Amino acid sequence: MATESSGLGINELEYLEMPGLNVMLAHDFYPEGHQGGVGVIQNGLRVATNGDLRLEPTPGQWQPVPKVGQRVVNLEAQEISVRMEYPDPEKDRKGFNPIVYPDLHVSYTLRVQPAGASFKILVDLDAPLPEAWVGRVGFNLELFPGILFGKAYYMDQHFGIFPRQANGPGYLDADGAYQIAPMAVGNKLTVAPESERQSMVIENLKGDGLQLLDGRAKHTNGWFVVRSLVPKAATANAIEWLVSPHAIAGWTHQPVVQVSQVGYHPRQQKIAVIETDLADDQKLQVSLLRVSENGGLEAVLETTPSDWGRFLRYHYRQLDFSHIQRPGMYVIKYGAYQTEPFQISPEVYKRNVWQPTLEYFLPVQMCHMRVNDRYRVWHGACHLDDARMAPVDYNHFDGYVQGSTTLTAYQSGDHVPGLNLGGWHDAGDFDLRVESQSDTVHGLALAYEAFNVTYDNTTVNQQDKVVEIHQPDGKPDILQQLEHGVLSIVGGYKALGRLYRGIIEPTLRQYVHLGDTSTNTDNQRFDPGNVTGTTPEVGLPGSPDDRWVFTEEHPARELQVAAVLAAASRALREYNSALAGECVQIALELWQRTREENPLQRVAAAVELFLTTGDRQYADFLRGITSEIVDNIERVGWIVGRVLTQVNDEPFTQLIRQAVRTYRAKIDEQGSKTPYGVPYEPNIWGAGWGIQRFGVEQYFLHTAFRDIFPADYMLHAVNFVLGCHPGENTSSFASGVGARSLTVAYGINRADWSYIPGGVGSGTALIRPDFPELLEWPFLWQQTEYVLGGGTVDYLFLILAADHLLDGRL
């Protein structure tokens, strides 16, 4: 590692490093998610990213990006470089993605070089820009806004603050696109000069000017952008910047103590994880303190934490306080760091943990309903004009594909009845994906079946399409939500004669809509015969803004939905027997009609239909593919384990159990590689949802194979999601749950810098190669977006499972 005196140097992970400063080049390439190109981590904060040539001043999600070549490290010259070129043929998929690449070919090399405690950014073009593109192609570096609002800047002698919202004046450029006038223009930009941790100077050594732009002119999720244009006729060193972030002398990552923000059951294993800088060799004492009923803190335990070792870029220690069982509120202190208060209590999971997901998040996500919450209306009844048959031979920008036929009796543009009821908005956007609908239904059905959840705090009136949060109606909320999801799936099947693939807005303007979902369309069925003159704009009466419904041939999804409907029928049998009967009938039809190539795709359906009908044909099917199940035990072992007793075949059972033992050994090996006790390989997307899914599977493995799988892995997954995860942001991924949680998240109210209680974000992501990050910022879907399916119900199931297990009810 380079030292303060030697300045920046290239480390073994191929980025520039010195205490307090890291400069990455092309470790990530996810420009839509603000990860890529040149990136800067300054004193533990990611302050800049996406340093690269761009074709627009402030590009957004669906605009051209270059193709990234191989990163090259030249230790002798102390230079890191990467080849780039426009267009990227892999991204240029007109129709699937609304990126339209212009008739321009630019290939270039992007380089970074250390210059003491500063670094240079250089761009070499293979050939000069075409005349038509001079003044349009420039080098952009994006600055993270969330830590800049209210901070100062200087551009030469011009100065100001970074504004909280995008402000004018604006203008239309030569292409008719709206732009905001630059905040400042000059040759030397000083960012946050008053902040020791964030101060940074950017100089254009070519003397051709820098622009400081507000990237939120067209994109609500934009960042601030520093930009300089590629000069006419330039090739070598067409761009040459000197960037000087202030690295605090002697800077080290300050210790962080990671615990569950909710707390622990007395019988639960309790391990706090202490994250420190690799250079921090202090062996401090760690203290567990009980919050006294009379005020103040009482010392309960003081000891030297055990040493765990290195993970990512930090060193980790652990405090095991499993033997502490006295109920109460506690904090942990290590050096100057003190955690938020957390519980030790047998009641820890009984209130305020899983309930917000059921009583807030799922109701708020309900489509086709008005959702009231005391004085508040989350949204009006929406998408009542669902849906029109999608165009054939069409690739939608969100990934839906309609083939050469509609696969139904409906023609493109026809209104399909029966789709304007039920379902939940998929994520921070408003589409209904059959897999997210079915996964949510499945999780709710399994939770009701396993834990008999009768909680009632919401009124759901399907006839009037009204939901009232915090108004009980005498019906289990979980069954009302389950019914709502099934109504969408069954309604689609009955109308189309098959499953829908998805129901989604036809225009990009609707897709990026922020605000009340009832204004996403005009809620009136479009009739082309009534159009005279100009077609009304989206949201106005008579507009063709009805969502489109897509269909597909997809055996794996069809069989998964068969499994889900079979499970749902059991849960709904007494609550809505008619709907339960339709679920079974459709599941049986899908079982019969689907033609898959991989028999493993049929395993879940076989298990659920066997549990629902008792028909031995499904047990015989499972026995008939024993070798495939054994070879894929990691994928299907938790599913098959649920029916081993009912299958009642000793040779089959023994083969499955042996495979499960092998899998347990693998889990032990993977879990030992992190200080969190779960298999965890950080990626660009936060790992929270995957770890929740792992925890749910561990519950079923534990209950089916108690002598092989302990409950520990499931409980470690609970702790991870609730705050015991890497990075200085120790928030619970579940909004509004625990002492510290995601209260700025990527939900339908993200434009308000707010959250939906009980929504679960994807969580801490990885800035490659080794920086864990969870920003307080509402527009990073890979860190804080809420989704349906496993992202929601796996959390609810996991907390219920922990409560029942630790209470001895399993």
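Above this text sits the structure in question.
Here goes a summary of the coordinates provided.

Cut-offs used in this document
Counting of residues starts from 1 at the beginning of each chain's written sequence and follows it residue by residue. Reporting of local features is limited, given that this is a predicted model, to residues whose pLDDT is at least 70; pairs of side-chain atoms are given and counted only at 80 or more, and all residues count toward the totals for whole chains, interfaces and linings. Only hydrogens and water are set aside; all other atoms, that is, all heavy atoms of the structure, feed into the side-chain values. Numbering of helices and strands runs from the N terminus, with a helix taken as a DSSP run of H or I at least four residues long and a strand as a DSSP run of E at least two residues long. Just to be clear, the radius of gyration here is over C-alpha atoms, and the globule rule we use is 2.2 Å times residues to the power 0.38. Exposure classes here rest on a 1.4 Å probe applied to the protein chains alone. A residue is buried below 20% of its type maximum, exposed above 50%, and partly exposed in between. Reported accessibility uses the Shrake-Rupley method at a 1.4 Å probe radius. Residues are deemed covered only where the shown protein chains occlude them. All tallies of charge rest on Lys and Arg as positive and Asp and Glu as negative; His and the ends of each chain are not included. Lys charges are placed at NZ, Arg charges at CZ, Asp charges at CG and Glu charges at CD. Strands pair, by our definition, only if DSSP identifies at least two bridges between them. Axis angles are defined between N-to-C directions and span 0 to 180 degrees, where every axis is a line fitted to C-alpha atoms and, for a helix, only to the segment in contact. Residues are treated as being in contact if the distance between any of their heavy atoms lies within 4.5 Å.

This paragraph deals with the overall build of the protein chain. The number of helices and strands found in the protein chain is 16 helices and 42 strands. In summary, the protein chain has a C-alpha radius of gyration of 28 Å against a globular reference of 28 Å for 810 residues, a match within 12%. Each principal axis of the C-alpha atoms in the protein chain carries an extent, and together these give about 80 × 80 × 55 Å. For the protein chain, with 810 residues in total, the buried portion stands at 60%. Carbon and sulfur atoms make up 48% of the accessible area of the protein chain, which totals about 30,200 Å². Here the protein chain carries 65 positive and 96 negative side-chain charges, and the mean point of each set is 2 Å from the other.

With antiparallel pairing, the nine strands of this open sheet are ordered in space as β6-β7-β8-β9-β20-β17-β16-β11-β12. Only two strands of the sheet have a single partner each, and these edge strands are β6 (67-74) and β12 (158-161). Strand-to-strand, the axes of this sheet are offset by a mean angle of 15 degrees, without reference to chain direction. In terms of strand pairing, strand β11 (residues 152-155) meets strand β16 (residues 188-191) through three bridges, oriented antiparallel. Note that in β16 the partner of Tyr 153 across the bridge is Val 191.

In this sheet, strand β38 (residues 466-469) lies alongside strand β31 (residues 370-373) in parallel orientation, the contact comprising four bridges. If you follow Asn 372 over to β38, its bridge partner there is Glu 468. Of the pairings in the sheet, the one linking strand β37 (residues 458-461) to β38 comprises four bridges and is antiparallel in character. If you follow Thr 458 over to β38, its bridge partner there is Ile 469.

Attention now goes to the side chain of Arg 501. Position of Arg 501 among the secondary structure elements: in the loop between α3 (477-496) and β39 (502-504). Accessibility expressed as a relative area gives 9% for Arg 501, which makes it buried. If near-sequence neighbours (up to four positions away) are discounted, Arg 501 is found in contact with Tyr 400, Leu 432, Arg 433, Val 434, Glu 435, Phe 550, Thr 551, Glu 552 and Arg 557.

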